[in-house]
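The chain contents come next:
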Amino acid sequence: MTSLLRLTSSSIQSTVTLSARRTESHDIPNIVGHMKYDTERLFGRVNVIYLLEKANLAVTVINEKNIPVAHAAFVDYPNWDFVDEAHWESYLEENYDNVRCTPLNTLFLHLFVTTDEYVVDCFHEIMKTVFKTVPELHFILLFVPSQEDLGLDLSTAFVPMENKGPTLQIEYSLYVAHRHQYRPQLYVRHARVEDHDDLTPIFARHNDTLRETYGDYFLAELIEAQDEENIAVVCEDDGFAVGFMSVCSEVNVQLLHDCFDLGPFHGLCKPHPDDILKPPPMPVDTGEESSSLASEKEESTGSQDKDIQRDGKIESTISQPSHTGIISIKGSVQSKSSDVKEGLQIQSSVELPLDKDASKISKATETLSTISLDREAFHPVYKGAVNAFCIQLFCIDEKYETRSLDFLNVVFNLFPDRDFCIISVPHMVPEFHLIQNFVRIIPFSNCTLNQELYVFHRSGLLKSFLVRAARSDDIPSVDLLVKTLELNKSILDDVDKYIEARRDPDGTPVKAFVAEVLDQIVGIAVIRNEVDIEYIRSHYNIEDFIYFSHYQQEEHAHLYHFALNPIFHHYAKHFMKEILRLAFKSCLYYPIYPQPEEGKFQNPSAHSLTSALHYMVPVRPRRQIVYPLEKLGINAPSKEVSKDQLKYALNHFNRKLSLEPKVSVNARIVVVGASNVGISFLETLIFCPHLKFNNLTLISTHGLPGKGESNNLRCLINSHCFNEDDYALMSLASWIKVVAGKMIGIDRSAKHVIVSNNKKVPYDHLILCTGQQYQVPCPTGADIKKLLTNREVPNTSEQKYTGTVPSNLFLICDDDDTSMAIKWLKEKVVNNSGNVIVYGNTIDVYTTTESLLSLGIEGNQIHLVHPPAVSNVTSLNNNPIEKAVQKALARAGVAEYHDSLLAQWNEGDYPDPITFASFTTKTKPFKLQCAAFFNFTNKNVDYDAFKAVNDACLVYDGRLVIDTNFHTNDVAIRAAGPLTKFSNIYYANEWTHINFSSKEIGFQLAATMLNLFDPTLEPVFEPPEDLDRLIPMYKGCKIQGGVLPGKYNYLHIFKPGLPGRLDVQESQSNYGMAITTGDAVKGTYFRIHINQYSMVETITCFSAKPIPASNYICLYGQHERLLNNLCSRWREGLITNLYSYFKEPWALAIFHDRFIDLKKELRQILASAEDEDIPSMEELIRQVVEGELTLYERPKTYLKRSYKNSIHKRLVEKSILSYLDYNHYHLPMFAWPGIV
């Protein structure tokens, strides 16, 4: 995985400026180049790639010219293999005196290389960086062979550790570097007025709000006003105050009770006999989740832990029953019996319980459930005294921010009767280091407080957090820990399997680990060997995070159960790191299965919901090739790769991630509309591995897509952006809240969206992508008894229907609408008489008609009525396909009417339900009996969305007006998709987002938002004014697919642009050529359009057999020469069936998801120069095209000869062979260097 942030920078001497960052893969050649004899003498023979893969932290130092000058790698076990990596602690205790090293506070140096010029400076910079990056680290150890000398560079940092007894003969000497040499703990004391001068510049660097509000000397006045309830402390370094914290014992707990679900924390109050904790009884299950990387303070365990612990405090905290609040991963309040069918439904985000009973976990197959409004309506009543104090003001110099936790040990001692420290911060404030150790509390849905609340328990300061293998005598304690969990029996059974046999009944090795604090078990984890690693590798992009070839199969583990008392949530990442070390593993995988049917497990091996999900990274799924298995035979991929199994979202953790921080974003981002644009936007955000968005909210009429009843019938054409498998692979519900409702208003001043039932959803950034929907048609009102024609009736297409909406009128806008319509038709129409009228001109009328026929409705009951066309471009825009569809409709007995305008329902009487529908035509009107009416006309912005936008004074000109960066006239509101249009200043009114791929637009929208939150991205500068007047042209293809009448499978892939008649386009001189095979009526039609630049621009398939759509989408934008010289083979008559042609094995490499990366790599090779005096192939082609060279042969011959004689040919061949070799599990039909 690429590095996240530059860790630190400093000027060590006036002449040397060095800075440190995380090591990246492209540093490997430089590291190897710096290795010399002394490196091998001290560290042994090191495989650099392997070491970087297994290192917990690798640091590179660069100079002012950005040239790497030093590298170091740190791992959590010794650098020589004379001692077992899982038992080095006992080795140190047996052989050395006064050992205070624990896995929590110790790392081992495994490699250090540098240039001779910067030896001491570089190592000093590396040590400062490491101790700053890992706050809980206090010792860095180094083993070297006893006969070797450390050398100048290392001897300045390391001192030898005293071994036990003077005569002890050991093969390796142990050296240690201490924190206090580089980043010592800060001394914390009471603030004094004279600290004002030191602290004022620190506050000024952040903002001037306090000074402007309270005056220049507000800090001195605050310090001077201290009393028993308000105390100020500072931390100092070398006599100077570098940080400030003001704490107060007065806490408005009632306000917090009203706004936040503090039940698991006993409302931040002392227990009292009169407390009312329980709502009406209901079946419950709970879960817990953790937040961010810990930064601890103490150098060793032992006496400090005893000072922090008060008699029985941890035990009482862990064992004390919580109230029946139920919290699951990301804090979703869950109830198996609560299923809110109407009104507002919310799936909430990260929330952490405190007590053992609150740390209940659920299975991964049950991702987020909706909050029961009944559950949220109950608020416990607490009668006890306040048990918390609050941080009122906090500031620390950026140089020392990782030592922020040093304050807490002191401030807890100031309030010995309080167990909780709380702090609230505005949503838009980036998460600073102090609160990364706190527990984020989830607000109630009706919370009006524009703050995030964080809580820390005093027991969280304990350092005696030990992870070890489970033992048989742990069973009672584990049982006590998990007895209230839904899957407690499954957890205990797996622990029993480990203790009894160390493996599953099927032979898969099992390991169980417990986390222990002061001899009490506070966590349990169960892992198994990952037996499906080949499937995972081939179906998920785990190679975004690891070099797979450098891992043995047994190094991959599957995390099944993980339960940790949330008091110690900040140790969750350390818990996982220890699991890897003790189990000799390098990677953990955790699946999240789709929402199961109510009351059922989706799979027999249910996973308990892990509290560690925050520290794992979501892994993007890979697009799979659709293999022609009957053609491949023995050359087909293995069953481990090609097997079809239940789809799941995959999360991953490895050694490199164990000390990699995540940036939590608390900004409230509200997306209105579960359109393809909105889902693509959310997908892009949640798959950012180093960002964690805590407040993503989706407002959608039907909630998350992909949750409806599964059926193969679709009324709407498929855009091939997302399907049910894609939703399962994303597991959006694990990361976002969902409000099921409709936006009816926007309050821009208060920054909240008003949803149906007048619920308010606050936002910091609002994303509008509601799209366009089919609207209720407005009948012309013409009396057909007067025999009126279309010319004689008014045009009502732009009018809004204001009457009663008939119950048997169906407006299909998404799959949920389709499911409801199908359910209604099965009850009312199937096997009964009655006509179904399908009204419209779009392609959706054909897919709906086929769905009705497939449902069992007779063709003579279906009437397909087309209104007058508003464009000369038909919905199919292909004459052979249109004729085939017409014949299919005729065979099925479907009646078709053209140029027909809806005149009246029920002859103008009360329209609900519709029993008759009358239409006017160019000639004679007609009337049809009607049992169900499907409307596919008048697609427009929903009226409620328009009214909300218009009433909020957002500029609306037929559609919501945006600029090229998706901004509306409100800086906090962005919009995208068919809802929008570009501002008139661009003079491009005919171009809107509807002309482009929705998935690409959603991705680009997310990219503009990431610039606000992602610290790894370069700052974006405003474009020049002339470029700011150009609208963006997105390049991704648009896709239409579906099943048309006659059970024909239809797929149309085309270039974004303005629609035009196909026959007119073909008549243009620059059209290129079209290759067509097969017959549409027979269901063998395949047409591919090659443009004037020999690139594939359009693909149209019309087949009686299923179409491998994901394969054919890969053909778009490819050069025809890449498709096995498609055009020349066509001209030679060698291609008679394009379906068979693209099933040939050569095409599968093009369908591979990493083929685009190969193309980029080859392009880079051809663009690189072999030598300064020899131009690259790209430059050579440019010179030939522009006539800069005098040639005595044909240009093509010259270029071929130049390429053959250059180094590029060998590099290109090597790259292609490496591609085939590396991906042979997907492409076994190709020979690769290992088998020839």
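Residues numbered from 1 in each chain as written. Predicted model: local features only at pLDDT ≥ 70, side-chain atom pairs only at ≥ 80, totals over all residues. Heavy atoms only, no water.

### Remarks on the overall build of the protein chain
Step number 1: Looking only at helices and strands, the protein chain features 36 helices and 49 strands.
Step number 2: For the protein chain, restricting intrachain contacts to residue pairs at least 6 apart in sequence, the fraction spanning at least 24 positions comes to 76%. (Helix = DSSP H or I, 4+ residues; strand = E, 2+ residues; numbered from the N terminus. Contact = heavy atoms within 4.5 Å.)

### Re the pattern of salt bridges
Step number 1: On inspection of all chains with the given rule, the structure shows 53 salt bridges.
Step number 2: Residue Asp951 is joined to Lys947 by a salt bridge in which the shortest nitrogen-to-oxygen separation is 2.8 Å. Residue Asp951 and its partner Lys947 are both found in helix H26 (residues 943-951); the two are separated by four residues, about one turn of the helix.
Step number 3: Asp951 sits in the partly exposed class, given a relative accessible area of 49%.
Step number 4: Residues participating in the shared-partner salt-bridge network are Asp76, Glu85, Lys577 and Arg655. (Salt bridge = Lys/Arg side-chain N within 4 Å of Asp/Glu carboxyl O. Buried < 20%, exposed > 50% of the residue type's maximum accessible area, 1.4 Å probe, protein only.)

### Remarks on the sheet that holds strand E37 (residues 901-905)
Step number 1: Taken together, three strands build an open sheet; the order of strands is E37-E38-E39 and the sheet is antiparallel. Strand pairing shows two members of the sheet lacking a second neighbour, E37 and strand E39 (926-929), which therefore form its edges. In this sheet, neighbouring strand axes are inclined to one another by 30° on average, regardless of whether the strands run parallel or antiparallel.
Step number 2: Sheet topology note: the E37/strand E38 (residues 916-920) ladder contains four bridges and is antiparallel. The partner of Gln904 across the bridge, within E38, is Ser918. (Pairing = 2+ DSSP bridges. Axes fitted to C-alpha atoms, helices over the stretch in contact; angles between N-to-C directions.)

### Side note on the packing of helix H35 (residues 1195-1205) against helix H36 (residues 1207-1222)
Angle between the axes and distance between the axes are the two parameters that describe a pair of packed helices.
Step number 1: Look at H35 against H36: their axes get within 4 Å of each other, and the N-to-C directions meet at 70°. In terms of axis orientation, H35 runs roughly perpendicular to H36. Of the residues in H36, those touching H35 at Tyr1203, Lys1204 and Asn1205 are Ile1207, His1208, Lys1209 and Val1212.
Step number 2: In terms of residue class, the contact of H35 with H36 is built from three nonpolar, two polar and two charged. (Parallel < 35°, antiparallel > 145°, perpendicular 65-115°, else oblique. Nonpolar A, V, L, I, M, F, W, Y, C, P; charged D, E, K, R; others polar.)

### Focus on the pairing of strand E48 (residues 1084-1090)
Step number 1: Along E48, six of the seven residues are buried, which leaves the element largely enclosed by surrounding structure.
Step number 2: Taking the residues between adjacent antiparallel strands as the criterion, strand E47 (residues 1073-1077) and E48 are bridged by six residues, where Gly1078 takes a positive phi near 85°.
Step number 3: Across seven bridges, the pairing between E48 and strand E49 (residues 1096-1103) is antiparallel. Bridging across to E49, Tyr1085 finds its partner in Phe1102.
Step number 4: Linking two consecutive strands that pair antiparallel, namely E48 and E49, is a turn of five residues; a positive phi of about 65° is found at Ser1094 within it.

### A look at the packing of helix H15 (residues 475-482) against helix H16 (residues 488-501)
Step number 1: At a minimum axis separation of 10 Å, H15 and H16 run at an interaxial angle of 160°. Taken together, the axes of H15 and H16 lie roughly antiparallel to each other. The element H15 and its partner H16 pack so that their crossing is right-handed. Residues Ile475, Val478, Asp479 and Val482 of H15 form the contact with H16, whose participating residues are Asn488, Ile491, Leu492, Val495, Asp496 and Ile499.
Step number 2: Class assignment for the residues of the contact of H15 with H16 results in seven nonpolar, one polar and two charged. (Left-handed = near helix turned anticlockwise from the far one by under 90°.)

### Examining the packing of aromatic side chains
Step number 1: Applying the stated rule across the entire model yields 51 aromatic pairs.
Step number 2: An angle of 25° between the planes, with centres 4.8 Å apart, marks the rings of Phe389 and Phe415 as stacked. Residue Phe389 is located in strand E12 (residues 388-396), and its partner Phe415 is located in the loop between helix H14 (406-414) and strand E13 (420-426); the two are separated by 26 residues in the primary sequence.
Step number 3: A residue is classified by how much of its surface remains accessible, and Phe415, at 5% relative accessible area, is buried.
Step number 4: A centroid spacing of 5.9 Å and a plane angle of 85° characterise the contact between Phe693 and Phe1013, whose relative ring orientation is edge-to-face. Within this pair, whereas Phe693 is found in strand E25 (residues 691-693), its partner Phe1013 is found in helix H27 (residues 998-1013), the two being separated by 320 residues in sequence. (Phe/Tyr/Trp six-rings, centres within 6.5 Å; stacked < 30°, edge-to-face > 60°.)

### A look at the environment of Asn1223
Step number 1: In this fold, Asn1223 is placed in the segment after H36.
Step number 2: Other than its neighbours up to four places away in sequence, Asn1223 contacts Arg622, His1152 and Arg1154.
Step number 3: At 3.4 Å, the side chain of Asn1223 forms a polar contact with the side chain of Arg1154. (Polar contact = N/O pair within 3.5 Å; in protein donor to acceptor, adjacent residues only side chain to side chain.)

### Observations regarding the environment of Tyr540
Step number 1: Mapped onto the fold, Tyr540 is located in the loop between helix H17 (533-539) and strand E19 (556-564).
Step number 2: Considering only alpha carbons, one finds Tyr540 and Gln624, 84 residues apart in sequence, at a separation of 9.8 Å.
Step number 3: Discounting chain neighbours no more than four positions away, the residues touching Tyr540 are Tyr535, Val619, Arg620, Pro621, Arg622, Tyr648, Leu650 and Leu729.

### Comments concerning unusual backbone geometry
Step number 1: Following Asp912, the chain continues to Pro913 via a peptide bond in cis, the omega torsion being -5°.
Step number 2: With respect to the element layout, Pro913 can be found in the loop between E37 and E38.
Step number 3: Here the phi dihedral of Leu518 falls at roughly 50°; this positive angle occurs in a residue that is not glycine.
Step number 4: Within the secondary structure, Leu518 sits in the loop between strand E17 (510-517) and strand E18 (520-529).
Step number 5: Given a relative accessible area of 33%, Leu518 falls into the partly exposed group.
Step number 6: Even without being glycine, Asn938 reaches a positive phi, approximately 60°.
Step number 7: Along the polypeptide, Asn938 turns up in the loop between strand E40 (932-936) and strand E41 (939-940).
Step number 8: On the basis of relative accessibility, which here comes to 24%, the residue Asn938 falls in the partly exposed class.

### Regarding H15
Step number 1: Of the residues making up H15, those classed as buried are Val478, Leu481 and Val482. One side of H15 holds all its buried residues, which, seen down the axis, span an arc of 80°.
Step number 2: Those residues of H15 that are buried lie in contact with H16, E17 and E18. (Arc of directions from axis to C-beta.)

### Overview of the environment of Ser1206
Step number 1: The residue Ser1206 is located in the loop between H35 and H36 in this model.
Step number 2: Judged by its relative accessible area of 13%, Ser1206 is buried.
Step number 3: Residues Ser1206 and Glu1170 lie 36 residues apart in sequence; the distance between their C-alpha atoms is 8.0 Å.
Step number 4: When neighbours within four sequence positions are excluded, Ser1206 is seen to be in contact with Glu1170 and Met1177.
Step number 5: Among the polar contacts listed, one links the side chain of Ser1206 to the backbone oxygen of Tyr1203, at a separation of 2.9 Å.
Step number 6: Side-chain polar atoms of Ser1206 contact the backbone nitrogen of His1208, separated by 3.3 Å.

### Things to note about the nonpolar core
Step number 1: Judged by nonpolar contacts, the single largest core of 119 residues is most densely connected at Phe465, Ile542, Phe562, Phe575, Phe681, Ile746 and Leu768.
Step number 2: Counting residues in each nonpolar core, the second largest holds 62 residues, with Trp80, Ala157, Tyr175 and Tyr182 among its members. (Core = buried A, V, L, I, M, F, W, Y, C linked by side-chain atoms within 4.5 Å.)

### What to know about the sheet that holds strand E36 (residues 895-897)
Step number 1: Pairing is parallel across the open sheet formed by five strands, whose spatial order is E33-E40-E34-E35-E36. Each edge of the open sheet is held by one strand with a lone partner, namely strand E33 (809-810) and E36.
Step number 2: The sheet contact formed by strand E34 (residues 836-840) and strand E35 (residues 862-865) spans four bridges and is parallel. Bridge pairing links Val836 to Ile862 in E35.
Step number 3: On top of the sheet, helix H23 (residues 815-828) reaches E33, E34 and E40; it is set at about 155° to E40, its chief contact.
Step number 4: Of the strands in this sheet, E34, E35, E36 and E40 are in contact with helix H24 (residues 844-854), which crosses E34 at around 165°.

### Side note on the confidence of the model for the protein chain
Step number 1: The pLDDT averaged across the protein chain works out to 85; a share of 88% of its residues lies at or above 70.
Step number 2: Between residues 1-14, whose pLDDT stays under 50, and residues either more than four places distant or in other chains, the model counts 49 contacts.
Step number 3: Below pLDDT 50 for its whole length, residues 597-605 participates in 17 contacts with residues either more than four positions away or in separate chains. (pLDDT = per-residue confidence, 0-100.)

### A closer look at a negative patch on the surface
Step number 1: Taken together, the side chains of Asp227, Glu228, Glu229 and Glu250 present a region of like negative charge at the surface.
Step number 2: Tracing the chain through its elements places Glu250 in the loop between strand E11 (240-248) and helix H10 (253-259). (Patch = residues over 30% accessible without salt bridge, like charges linked within 9 Å, V, L, I, M, F, W, Y side chains within 5 Å. Areas by Shrake-Rupley, 256 points an atom, 1.4 Å probe, with all protein chains shown as cover. Lys, Arg positive; Asp, Glu negative; His and termini not counted. Charge placed at Lys NZ, Arg CZ, Asp CG, Glu CD.)

### Looking at the side chain of Lys647
Step number 1: Mapped onto the secondary structure, Lys647 falls in the loop between helix H20 (639-642) and strand E22 (649-654).
Step number 2: You can call Lys647 buried: its relative accessible area is 17%.
Step number 3: Separated by 3.3 Å, the side chains of Lys647 and Asp644 make a polar contact.
Step number 4: Ignoring anything within four residues of it in the chain, the contact list for Lys647 reads Tyr535, Tyr593, Pro594, Asp725, Ala728 and Leu729.

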